[in-house]
Amino acid sequence: MDVGTSLHLAVALDGAPGGEPPPAVPAPAAVWADRAAEAERGLLDLLTLDDAHAPPPGGGARPEAVQLAAALGALTRWIGIVPTVTPTHSEPFHLSTAVATLDFVTTGRAGCLVRAGLDRAEDGTAGRTPGSAEERLAETTEAVEVIRALWDSWDDDAEIRDTARGLFLDRTRIRPVAHRGPHLTVRGPSVTPRPPQGQPPVLAAVRDEGTRRLAVRGADLALLDAADPDDARAQAALLRAAEAAAGRPGPPLLIFADLPVALDGDPRRAAARRPAGPGAFAGTPEALAAALAHWQAAGLDGVRLLPASVDRDLPAVTRGVVPALQARGAFRRRQEAGTLRARLGLPRPAARPGR
Amino acid sequence: MPVPPPGARRQVLLAATFPHSVWVVWDDPRSGSQIDFASFRHAVRTAERGRFDFFLIAETLRLREHAGRLDDLEVAGRPHSPTVMSALAAVTRHIGLVPTMSSTYNEPYELARQIATLDHLSAGRAGWNIVTTADPEAGVNFRRGAHLAHADRYARAEEFVRAATALWAGGTTTPQRHRGTHIDLEGTFTLPPGPQGRPVLVQAGDSADGQAFAVRHADIVFSLHDRPAEGRRFRTAIRARARALGRDPDSLKVMPGAGFVLGDTAGDAAERSRDVALRQVTPVVALTRIGQLWGADLSGRDPDDPPPPPAGPPGSPAAAMYDRAVAEGLSIRELAIRSLLRHTFTGTPAEVAARIDENVRTGAADGYILAGHLNPVGFDEFTDRVVPHLQERGVLRTAYTEGATLRENLGLTTRRPGVAR
Ligand SMILES: Cc1cc2nc3c(=O)[nH]c(=O)nc-3n(C[C@H](O)[C@H](O)[C@H](O)COP(=O)(O)O)c2cc1C
């Protein structure tokens, strides 16, 4: 079937909130590789890595997501790798070079999931006091602008290696970003060349009006919490209206729903592990594949599955749900070459001076 | 291999740094990308094949500029240092991984998490090369904005390292609170202590403040003093200061940065060194670099002419360089080569191995942080040709100890005792 109409599938490699707590000691890279390889074998579009500047509420360890993403990026060949970043608590300049570096590591499979650090437990870690929730959302939106401008501060062909003239760079193809906003002043240019995708996809979770505005202004892909396909349809309509009101340039937001899942060949065993959260699903892989058709029909581009148990439910997705979707002609059957942007159907943008 | 048995030859510590920027010969057919991950993977695997202790990459937070214009002559464009190291952790097994990160333009909670994550991912192979950032313009890219004065940079580094160390030690169970002039931190860390206790701390900075900071906190001083006599003086002084603070001087290793050029004979090596120097300091590079030091535009000049007198005051570095050029009859290009460039080790592989061994044996260094002049193949020749000689001499491991951490590989078997306050 036409891949363009195929559903996109993402997986949250940290599992569902309130699911199994992470281990107290994070595993070395090789162990993480098994999970990433499982997701990759299942032909999933991308995996996300959660993050916060505070320990997980349920206990356990929390590695820094970009660093973990880089290790997974080096161990995989195909899947998109999307760590969470928090620009209110991190410098946008560092985040821009870090995600660009991840894009080089993965040869074009990086993205980032931006969050405004709204949790007060993190405040003491930022080295300064972030503002009100509203200001944090505004600052995050501004930071995404800066991060994108830094990615665009080198043209793709700025490195010329002109041996005749002894010039390594064409300096006319590298520009400061000269950003002066209410929250940030960043001159640039980046110290990292433009990443392979130009603009790695930016994801944002939409939970209310503030985060909806952030997604519309800054993201390529929105993650919704929706109770059911009807709710998803209503929320997608709100997003489209917000896009129109904001006069959003470029392609419309891709819209995914977040679905916590517990999967088992025996639906009663799955039900016993039913995760919390809107849209939660407990049942057989085949039943989830059937349910996904309804979510897709609600106008979604894809779903992000949040496994109640990564070690149990991720293989159930890759070995159960994916084959069932393939049998319905609703999912790819092989790895397609190309970048994460290309897989998501997003064109590669040219570097825009003064963006 | 971590602790040599009694009577064994003193082990040579070896690190490889990915050559960036100024002195990379980029017009060579073997010269590849300075940013593609494949280049980093090749360089780190070569160093691991050579049984090096660690791989280090530098950091700059601003593209090099002069008089408001980007420098277009040198290799530019580099990765986010810890992120590329975390990726390298996944494709290596034994070699230490040391990103360079500024204590001036990072926050301790975030930096400590990045390094601790690298330590867990690599099963105990992480280090941190602590720099304070000399470029006064770097601040324009960060919330802080303005730069900090030299003394404040080291005062911040001091508070920063104390806070980071406490976060690493406190793990996920002990909340931390630091209120200082420069660091204001409150929170519980998100990771338990890593496999090597504390990541290996490297310090790069040569002032009195920098050295004082190193003897308090560092496991390794990344020094500039690559010449044997100078190196011996520096290492003796650093060790004495460490001892005075109650530290075992052997817990502080001194590793100068060093370049190398090899040849099949001594004459061949000298010729290659000359050829590499001429390619590193092309006519346009010579005019630009000396012009920058002179504060003058020399672009119209003939690089083979003697330099004009600099405008600066007598006693300035430019004036001293000019005096040298006059005394030795040097052209602009020759002056640039002689004063800005140094191939520490030039010779046949056997000669270079012998000199490294001798320098370490006679206390000029504990080892070297080597930079080749080609990316990413700069260590191929060293690993293939010099390393076997070092191994034959019994001063470099022939195999890594399985499961050893970076700290153990460096012979720093114990966690450092508490910092003197
Ligand atoms: C061997 C060596 C390597 C250094 N590498 C870096 C680097 O990669 N990035 C950086 O910002 N500064 C680097 N520095 C600069 C120092 O961190 C420091 O800011 C500078 O040397 C000024 O401090 P000082 O007066 O104590 O030397 C390096 C310094 C030395 C001596």
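Presented here is an overview of the structure given in this document.

1. Section: the overall build of chain B
Here is step 1: Counting its secondary structure elements, chain B contains 13 helices and 13 strands.
Here is step 2: Within chain B, buried positions represent 59% of all 421 residues.
Here is step 3: Contacts in chain B between residues far apart in sequence, at least 24 positions, make up 74% of those at least 6 positions apart.
Here is step 4: As presented, chain B carries roughly 15400 Å² of accessible surface, and 52% of it is formed by carbon and sulfur atoms.
Here is step 5: Distance between charge centres in chain B, computed from 50 positive and 48 negative side chains, equals 6 Å.

2. Considerations on the site of the ligand
All names here are of chain B.
Here is step 1: Taken together, the neighbourhood of the ligand is formed by 15 residues, with E59, H150, Y154, D206 and S207 sitting nearest.
Here is step 2: A distance of 3.4 Å separates an oxygen atom of the ligand from a polar atom in the backbone of A134.
Here is step 3: For the shell around the ligand, the class distribution of residues is seven nonpolar, six polar and two charged.

3. A look at the interface of chain B and chain A
Here is step 1: Tallying the contact residues gives 58 residues for chain B and 66 residues for chain A.
Here is step 2: Across the chain B to chain A interface the summed buried area is about 5200 Å²; carbon plus sulfur atoms make up 58%.
Here is step 3: When the buried area of chain B at its contact with chain A is split by residue, W26, D72 and R143 of chain B rank highest and sum to 15% of it.
Here is step 4: Scanning the region where chain B abuts chain A turns up six salt bridges.
Here is step 5: Between E139 of chain A and R143 of chain B there is a salt bridge, and its shortest N-O distance comes to 2.8 Å.
Here is step 6: When contributions to the side of chain B that touches chain A are tallied by element, the ones reaching two or more residues are α1 (37–49), β4 (69–70), α2 (81–89), α3 (108–121) and β8 (184–187) of chain B.
Here is step 7: Here the side of chain B that touches chain A is built from residues that sort into 24 nonpolar, 17 polar and 17 charged.

4. Overview of the environment of L239 of chain A
Residue and element names in this part refer to chain A.
Here is step 1: Looking at the element boundaries, L239 is found in helix α6 (residues 229–246).
Here is step 2: Residue classification places L239 among the buried positions, given a relative accessible area of 0%.
Here is step 3: Contact partners of L239, with chain neighbours within four places excluded, come to V206, R212, V216, A222, L224, L253 and I255.

5. So, α6 of chain A
All names here are of chain A.
Here is step 1: Taking 1.5 Å per residue as the helical rise, α6 with its 18 residues ought to reach 26 Å, and the 25 Å between its terminal C-alpha atoms agrees with that figure.
Here is step 2: Of the residues making up α6, those classed as buried are A232, Q235, A236, L239 and E243. With its buried residues spanning 105° around the axis, α6 presents them on a single face. Summarising the geometry of α6, the exposed residues directed more than 90 degrees from the buried face are D230, A244 and A245.
Here is step 3: Structurally, α6 contributes buried residues whose contacts are with β9 (202–206), α5 (209–218), β10 (221–224), β11 (254–263) and α8 (285–297).
Here is step 4: Here α6 starts with a cap whose side-chain oxygen sits 3.0 Å from the backbone nitrogen of D230, and that cap is D228.
Here is step 5: One or two positions beyond α6, positive phi appears at G247, with a value near 60°.

6. Brief notes about unusual backbone geometry
Here is step 1: For the peptide bond that leads from G188 of chain A to P189 of chain A, omega is -5°, which places it in the cis range.
Here is step 2: Within the secondary structure layout, P189 of chain A lies in the loop between β8 (185–186) and β9.
Here is step 3: The amide bond that connects N375 of chain B to the next residue, P376 of chain B, takes the cis arrangement and shows omega of -10°.
Here is step 4: Residue placement: P376 of chain B occurs in the loop between β13 (367–371) and α12 (380–392).
Here is step 5: Backbone geometry at L43 of chain A places phi at a positive 65°, although glycine is not the residue there.
Here is step 6: Assessed through its relative accessible area of 8%, L43 of chain A is described here as buried.
Here is step 7: For T133 of chain B, which is not glycine, the phi dihedral falls at a positive 70°.
Here is step 8: Residue position: T133 of chain B is located in the loop between β6 (127–131) and α4 (150–170).

7. Topic: the packing of α1 of chain B against α12 of chain B
To characterise two packed helices, one gives the angle between the axes of the helices and the distance between these axes.
Residue and element names in this part refer to chain B.
Here is step 1: Interhelical geometry of α1 versus α12 gives an angle of 5° and a closest axis separation of 9 Å. Considering the angle they form, α1 stands roughly parallel to α12. Along its contact with α1, which presents H42, T46 and R49, the element α12 presents D380, T383 and D384.
Here is step 2: Its residues assigned to classes, the contact of α1 with α12 comprises no nonpolar, three polar and three charged.

8. With respect to the environment of R10 of chain B
All names here are of chain B.
Here is step 1: As for its position among the elements, R10 is in the segment before β1 (13–17).
Here is step 2: In this structure, the C-alpha to C-alpha distance between R10 and D357, residues 347 residues apart in sequence, is 8.4 Å.
Here is step 3: The residues touching R10, leaving out its near neighbours within four places in the chain, are R235, V360, G363, A365, D366 and V395.
Here is step 4: Here the side chain of R10 touches V360 through a polar contact of 2.6 Å, landing on its backbone oxygen.

9. Topic: the environment of D53 of chain B
Residues and elements named next belong to chain B.
Here is step 1: Along the polypeptide, D53 turns up in the loop between α1 and β2 (54–57).
Here is step 2: Taking the C-alpha atoms as reference, D53 lies 14 Å from F222; in sequence the two are 169 residues apart.
Here is step 3: Other than its neighbours up to four places away in sequence, D53 contacts V12, L13, L14, I95, G96, R397, L406, N409 and L410.

10. What to know about the side chain of S273 of chain B
All names here are of chain B.
Here is step 1: Looking at the secondary structure, you find S273 in helix α7 (residues 266–280).
Here is step 2: For S273, a relative accessible area of 15% translates into the label buried.
Here is step 3: Of the polar contacts made by the side chain of S273, one reaches the side chain of H343; its length is 2.9 Å.
Here is step 4: Ignoring anything within four residues of it in the chain, the contact list for S273 reads V261, H343 and T346.

11. Some words on the pairing of strand β7 (residues 176–179) of chain B
Residue and element names in this part refer to chain B.
Here is step 1: Where burial is concerned, the two faces of β7 differ: the one with Q176 and H178 is buried and the one with R177 and R179 is not.
Here is step 2: Across four bridges, β7 lies against β8 in antiparallel orientation. Within β8, the position partnered with R179 by the bridge is D184.
Here is step 3: Connecting the antiparallel pair β7 and β8 is a turn made up of four residues.

12. A closer look at the pattern of salt bridges
Should their charged atoms come close, side chains of opposite charge can pair.
Here is step 1: Throughout the structure, instances matching the rule amount to 72 salt bridges over all chains.
Here is step 2: A salt bridge links R213 of chain A to E209 of chain A; the nearest nitrogen and oxygen atoms lie 3.9 Å apart. With R213 of chain A and E209 of chain A both in helix α5 and four residues apart, the pair spans about one turn of that helix.
Here is step 3: What you see here is one network of salt bridges that share partners, running through R187 of chain A together with R62, E65, D135 and E137 of chain B.

13. Some remarks on the nonpolar core
Here is step 1: Ranked by internal contacts, the top residues of the largest apolar core, which has 140 residues, are L9 and L292 of chain A together with F52, F55, W128, L370 and F382 of chain B.
Here is step 2: Apart from the residues lying within four places of it in its own chain, the contact partners of F52 of chain B are L14, A15, A16, A47, I95, L370, F379, F382, T383, V387, R397 and Y400 of chain B.
Here is step 3: Counting 24 residues, the second largest nonpolar core, distinct from the first, contains A143, A158 and V177 of chain A together with A138 of chain B.

14. Comments concerning the packing of aromatic side chains
Here is step 1: Under the criterion given, the structure shown has 13 aromatic pairs over all chains.
Here is step 2: Their ring planes at 70° and their centres at 6.0 Å tell us that F52 of chain B and F382 of chain B sit as a pair that is edge-to-face. Residue F52 of chain B is located in the loop between α1 and β2, and its partner F382 of chain B is located in helix α12; the two are separated by 330 residues in the primary sequence. The exposure classification of F52 of chain B matches that of F382 of chain B, with both residues buried.
Here is step 3: Note on Y105 of chain B and F142 of chain B: the rings are 5.1 Å apart at their centroids and 25° apart in plane angle, and the pair reads as stacked. Taken together, the positions of Y105 of chain B in the loop between β5 (96–102) and α3 and F142 of chain B in the loop between β6 and α4 put the pair 37 residues apart, joining distant regions of the chain.
Here is step 4: Across from the ring centre of W32 of chain A, 5.5 Å away, lies the NZ or CZ of R35 of chain A, which sits over that ring.
Here is step 5: Lying across the ring of W78 of chain A, R343 of chain A places its NZ or CZ 3.9 Å from the centre.

Conventions adopted
- Residues numbered from 1 in each chain as written.
- Chains lettered and ligands numbered in written order.
- Predicted model: local features only at pLDDT ≥ 70, side-chain atom pairs only at ≥ 80, totals over all residues.
- Heavy atoms only, no water.
- Helix = DSSP H or I, 4+ residues; strand = E, 2+ residues; numbered from the N terminus.
- Buried < 20%, exposed > 50% of the residue type's maximum accessible area, 1.4 Å probe, protein only.
- Contact = heavy atoms within 4.5 Å.
- Areas by Shrake-Rupley, 256 points an atom, 1.4 Å probe, with all protein chains shown as cover.
- Lys, Arg positive; Asp, Glu negative; His and termini not counted.
- Charge placed at Lys NZ, Arg CZ, Asp CG, Glu CD.
- Near = heavy atom within 4 Å.
- Polar contact = N/O pair within 3.5 Å; in protein donor to acceptor, adjacent residues only side chain to side chain.
- Nonpolar A, V, L, I, M, F, W, Y, C, P; charged D, E, K, R; others polar.
- Buried area = accessible area lost by both parts, 1.4 Å probe.
- Salt bridge = Lys/Arg side-chain N within 4 Å of Asp/Glu carboxyl O.
- Expected span 1.5 Å × (residues − 1).
- Arc of directions from axis to C-beta.
- Axes fitted to C-alpha atoms, helices over the stretch in contact; angles between N-to-C directions.
- Parallel < 35°, antiparallel > 145°, perpendicular 65-115°, else oblique.
- Pairing = 2+ DSSP bridges.
- Core = buried A, V, L, I, M, F, W, Y, C linked by side-chain atoms within 4.5 Å.
- Phe/Tyr/Trp six-rings, centres within 6.5 Å; stacked < 30°, edge-to-face > 60°.
- Lys NZ or Arg CZ within 6 Å of the ring centre and 35° of its normal.

Purely geometric numbers; function is a separate question.
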